[in-house]
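Below are the chains, spelled out letter by letter.
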Amino acid sequence: MSTKARIPHWADVTLVPLVSIALAFVISAVLIWAIGESPWDAVKMMVEGAFGSSYGWGYTLYYATNFIFTGLAVSVAFQARLFNIGGEGQAALGGLGVALVCLYIPWPHWSVALVAASIGAAVFGAAWAFIPGYLQAKRGSHIVITTIMFNFIAASVLGYILVNILRPTGSMDPASPRFAPEIALPKLHEMLALVGIPFSRVPPVNISLLIAVGMCFVVWYLLWRTRLGYQIRAFGESEPAAEYAGISPVRITIYVMLISGGLAGMMAVNSVMGEQQRLVLNAVEGAGFIGIAVALMGRNHPFGVVLAALLFGFLYQGGAELALWTAIPRELIVVIQALVILFTGALDNMVRIPIARAFAAVRAR
Amino acid sequence: MALTDTAMRQETAASDLAIELRGISKAFGSVQANKDISIRVKRGTIHGIVGENGAGKSTLMSILFGFYSADAGEIYVNGKLTEIPDSLSAIKSGIGMVFQHFKLVDNFTVLENVILGAEDSGLLRPSLARARGLLKDLAREFELNVNPDAKVEDLSVGHQQRVEILKALYREADILILDEPTGVLTPSEADHLFRILKGLKEQGKTIILITHKLREIMDVTDEVSVMRRGEMVATRVTAETNPTELAELMVGRKVLLRVEKTPAKPGAEVLRAEGLRVVDSHGVERLRGVSLDIRAGEILGIAGVAGNGQSELLEVLAGLREAEGQVWLRGEALPMSGAKFGPLSRRKQGIAHVPEDRHRRGLVLNFHAWENTAFGYHHDARFNPSPWRMDNDAIREDTRGKMERFDVRPPDCWLKASGFSGGNQQKIVLAREMERNPEVLLVGQPTRGGDIGAIEFIHQQLINLRDQGTAVLLVSVELDEILALSDRIAVMFDGRIMGERMPDETNAQELGLLMAGME
């Protein structure tokens, strides 16, 4: 008999994360109150800042796009019980792929450039994830260690390339030249204008949002409707069983890391091609790590990832507004984000077990 | 019937009872594991508890040892109402437990294991010295001899079990619970264990023996209680009952303890193996030149105590482990390593495999039943209309048919594999492997953890497959199963085949000697 707490599936995917978030917010409120600010005003400011205007929405969605890509990357790997925490480095290399495709090939139209840049980003990200994947599969080097080391290597490689190769002569800035204006991606306000909806022109949210949502469907289909997905999930659930069924652990590990790295790399389409329109040093801005929290909270399901990415988009944008308009320091925003990650990720069981007990008590009655 | 039992037992004075449970109930979700159970265990006796897997024996003992708390009911230890919220209080009340899966630290010595968690002080020396003295006494008194300075990982399974018993005695247990203690022992080791238990009984200890082997009950117990589906159905004085009655009480109906089968009509040789050698990653030789052959329409039984190379033999034949030597299928040499070697190609050639450990290998417990029936056959063309799409509907359709033909209960293809009982899980695996009419079926422990009803069904299916002309290799640690099903019996010991016998020309004693390495 298992002593593990059992909860209905719907409660597992809704109630547990919601209660976790609520707890994180309660503690955040206490902190804000303790430094002499009004928690209520802070909440109002964050919600208004993130959802109160099309400007706020635009930024929230822009951040969410990044987090969907990195969240999917972590989720896919986790289905095979591989903990890919190298999203940061893979996205950085993805940015390099985007930059090379956009700088060195003259594209007739943004749509062609978008397809090519997506492929470039995915290939570079996948290649960067391939090495840890190969080492894990063939040599047993632990993927957590290798992927985190590869984050540092990626940062150094990118710095070297930007400073020594891509930087235009005479520029002091470790960044690539600007991409051609013809291949600038359509922003959300341009797309919505086609159907007559007014939207703020300022936020960088762009057509990559649709690619991100599309990738959610692709990942879902891959995992639950294809043979490869079946093998990935079987391998993740039980390696000895997978071996028995003739599923090669080496092959699945490498495939999964390629897919995961590719997804992380595609984040660069949004940030590098969509927003910056050139490659800068820190284009990823920690989104690779947020992806871990997003995947945890989204229960490693593509549709859960979308919701979790929205929440973190809200925290990013609302937090930025809070720092801008109140005396609450920027650091506290990071604390709030950290609390959400802590409660939804690390302290999952703290919420789950009481909820399971409550269900057991109700059932017993 | 249960009522008269109780009335009869009421005469026993409460002070003569080591353990009394009254009205114990425990539910896990919607499953009622224990239902209003009452039992009285007299001091200084060996009390057997029998029942099928899932009857609730282990749950009941886990409640007694403080692993679970009962939803209702009272526990009396030595006539005193006792609360047992955790195992520490169980130990304090003088209850010791020997688990089926030992809870020992492998790289600690015997002495270190014995005192672990019961050290007298922060310094180990005095405890170690005291334990050493105690071990010496016990070894003399009860044949409980183990080298106190040996590391547990170097001990045989039988000796490891003795360490578990010593642990309990060091903690001054008066009441000893043993959960399926003989599952991993050779017949002679089991006899030794029973001698120890009888010695302990003479010293006034009380022993509760959980088992599903009726022969052991008849041999060593004074009284026996039978559980069925979470209820206590009867308690008998062992001398006044017999195995047939107990089996009927366990199942709730008449059972056939023998399998009905016609003599085999062996055909041509299908599978042949010669000189199989396996050295594992620790450099230990697991197979030392095993050769065998199986003909169409016969069952070759491999008897042996677990861990003597049977698992490795199955894995080599199934393509899960590379080996020296050669295997032929219908005269054709099969690859023994390299790219063409592997479980997929073996399956394609017609070798199906029901693995020994269905939880670890045979099933993905977290997968739905339908996902499990395609397992290993997920490359089949009819499940894969294109490389980009798996036809889940076709798989589910196939699963429903299999569940009906193999009487899988409940017949719900959306239930996760972990939600089925052991016997039904095994039926899912068997349906998957048998329904493709393989030329060779490799079966490991086909009825482990199954209840008597499922065992009967599975045995019948194996016989049917044999009669259709499949060559069956049966590996089992249950000697009765080997004797009942096999047309030829090979006994394995220490990576070798010790000898071959015909089932009607041998008996459990002779096989037992071979299993222990004596010719």
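Residues numbered from 1 in each chain as written. Chains lettered and ligands numbered in written order. Predicted model: local features only at pLDDT ≥ 70, side-chain atom pairs only at ≥ 80, totals over all residues. Heavy atoms only, no water.

A word on the confidence of the model for chain B. Predicted coordinates in regions of low pLDDT should not be interpreted in detail. On average, chain B scores 88 in pLDDT, and the residues at 70 or more come to 95%. Between residues 6-11 of chain B, whose pLDDT stays under 50, and residues either more than four places distant or in other chains, the model counts six contacts. (pLDDT = per-residue confidence, 0-100. Contact = heavy atoms within 4.5 Å.)

Okay, helix H7 (residues 187-202) of chain B next. Each turn of an α-helix holds 3.6 residues, which means side chains three or four residues apart point in the same direction. Residues and elements named next belong to chain B. Along its 16 residues, H7 runs 23 Å from first to last C-alpha, staying within 8% of the 22 Å computed at 1.5 Å per residue. The set of residues buried in H7 consists of Ala190, His192, Leu193, Phe194, Ile196, Leu197, Gly199 and Leu200. Those residues of H7 hidden inside the fold are in contact with strand E3 (46-51), helix H5 (125-142), helix H6 (157-170), strand E7 (175-179), strand E8 (206-211) and helix H8 (214-220). Just beyond H7, the residue with positive phi is Gly204, at close to 95°. (Helix = DSSP H or I, 4+ residues; strand = E, 2+ residues; numbered from the N terminus. Expected span 1.5 Å × (residues − 1). Buried < 20%, exposed > 50% of the residue type's maximum accessible area, 1.4 Å probe, protein only.)

Our focus in this paragraph is the pairing of E3 of chain B. All names here are of chain B. Burial analysis of E3 places six of its six residues in the buried class, the great majority of the element. Here E3 shows two buried faces, one formed by Ile46, Gly48 and Val50 and the other by His47, Ile49 and Gly51. The sheet contact formed by E3 and strand E9 (residues 223-228) spans five bridges and is parallel. Bridged to Val50 within E9 is Val226. (Pairing = 2+ DSSP bridges.)

So, on to the sheet that holds strand E1 (residues 17-28) of chain B. By way of backbone hydrogen bonds, the strands of a sheet pair with one another, either parallel or antiparallel. Residues and elements named next belong to chain B. If you walk across this open sheet you meet the four strands as E2-E1-E4-E5, and the pairing is antiparallel. Edge positions in the sheet fall to strand E2 (31-42) and strand E5 (80-81), since each has one partner strand and no second. In the sheet, E1 pairs with E2 via eight bridges, with the strands oriented antiparallel. Bridging from a neighbouring strand, Leu21 pairs with Ile39 of E2.

What follows covers the environment of Ile207 of chain B. With respect to the element layout, Ile207 of chain B can be found in strand E8. The contact partners of Ile207 of chain B, leaving out residues within four places of it in the chain, are Thr45, Ile46, His47, Leu176, Leu178, Leu197, Leu200 and Lys201 of chain B.

Moving on to the side chain of Glu180 of chain B. On the secondary structure map, Glu180 of chain B appears in the loop between E7 and H7. The residues contacting Glu180 of chain B, other than those within four sequence positions of it, are Lys57, Gln100, Ile210, Thr211 and His212 of chain B.

Right, let's get into helix H16 (residues 452-467) of chain B. All names here are of chain B. Across its 16 residues, H16 extends 23 Å between first and last C-alpha, which sits within 8% of the 22 Å expected from 1.5 Å per residue. Along H16, the residues classified as buried are Ile452, Ala454, Ile458, His459, Gln461, Leu462, Ile463, Leu465 and Arg466. Buried residues along H16 sit against helix H9 (243-251), strand E13 (299-303), helix H15 (422-434), strand E17 (440-444) and helix H17 (479-485). Where H16 ends, the next residue or the one after it, Gly469, has phi of about 105°, a positive value.

Looking now at the nonpolar core. Formed by 182 residues in total, the largest nonpolar core has its most connected members in Val98 and Phe312 of chain A together with Leu276 of chain B. For this core, the leading source of residues is helix H4 (residues 54-79) of chain A, giving twelve residues. When near neighbours in sequence (up to four residues on either side) are disregarded, Phe312 of chain A contacts Phe67, Ile290, Ala293, Val294, Met297, Val340 and Ile341 of chain A. Listed in part, the 36 residues of the second largest apolar core include Val146, Leu155, Ile165 and Ala168 of chain B. (Core = buried A, V, L, I, M, F, W, Y, C linked by side-chain atoms within 4.5 Å.)

Looking now at the pattern of salt bridges. All names here are of chain B. This model, assessed by the stated rule, comprises 46 salt bridges over all chains. Where Lys167 meets Glu164, a salt bridge forms, and the shortest distance between an N and an O atom there is 3.8 Å. Here Lys167 pairs with Glu164, and both are found in helix H6, just three residues apart, close to one helical turn. One salt bridge in this structure joins Asp407 and Lys427, with 4.0 Å as the shortest N-O distance. In this pair, Asp407 sits in the loop between helix H14 (392-405) and H15 while Lys427 sits in helix H15, placing the two residues 20 residues apart along the sequence. Since its relative accessible area comes to 29%, Asp407 is described here as partly exposed. Connected via shared salt-bridge partners are Asp380, Arg382, Asp398, Lys402, Arg405, Glu435 and Arg436. (Salt bridge = Lys/Arg side-chain N within 4 Å of Asp/Glu carboxyl O.)

Time to look at the interface of chain A and chain B. Counting residues at the interface gives 21 residues for chain A and 30 residues for chain B. For the pairing of chain A and chain B, the buried interface totals around 2,400 Å² over both sides, and the portion due to carbon and sulfur atoms is 58%. At the junction of chain A and chain B, the tally comes to two salt bridges. With a shortest N-O distance of 3.3 Å, Glu243 of chain A and Arg361 of chain B are connected by a salt bridge. Breaking the side of chain A that touches chain B down by element, the ones donating at least two residues are helix H9 (208-225), helix H10 (227-237) and helix H11 (239-244) of chain A. (Buried area = accessible area lost by both parts, 1.4 Å probe.)

Turning our eyes to something else, we now look at the pairing of strand E20 (residues 496-501) of chain B. Residues and elements named next belong to chain B. By the bridge criterion, five bridges tie strand E19 (residues 488-493) to E20 in an arrangement that is antiparallel. What sits directly across from Ile489, in E20, is Arg501. Connecting the antiparallel pair E19 and E20 is a turn made up of two residues, with Asp494 showing a positive phi of about 55°.

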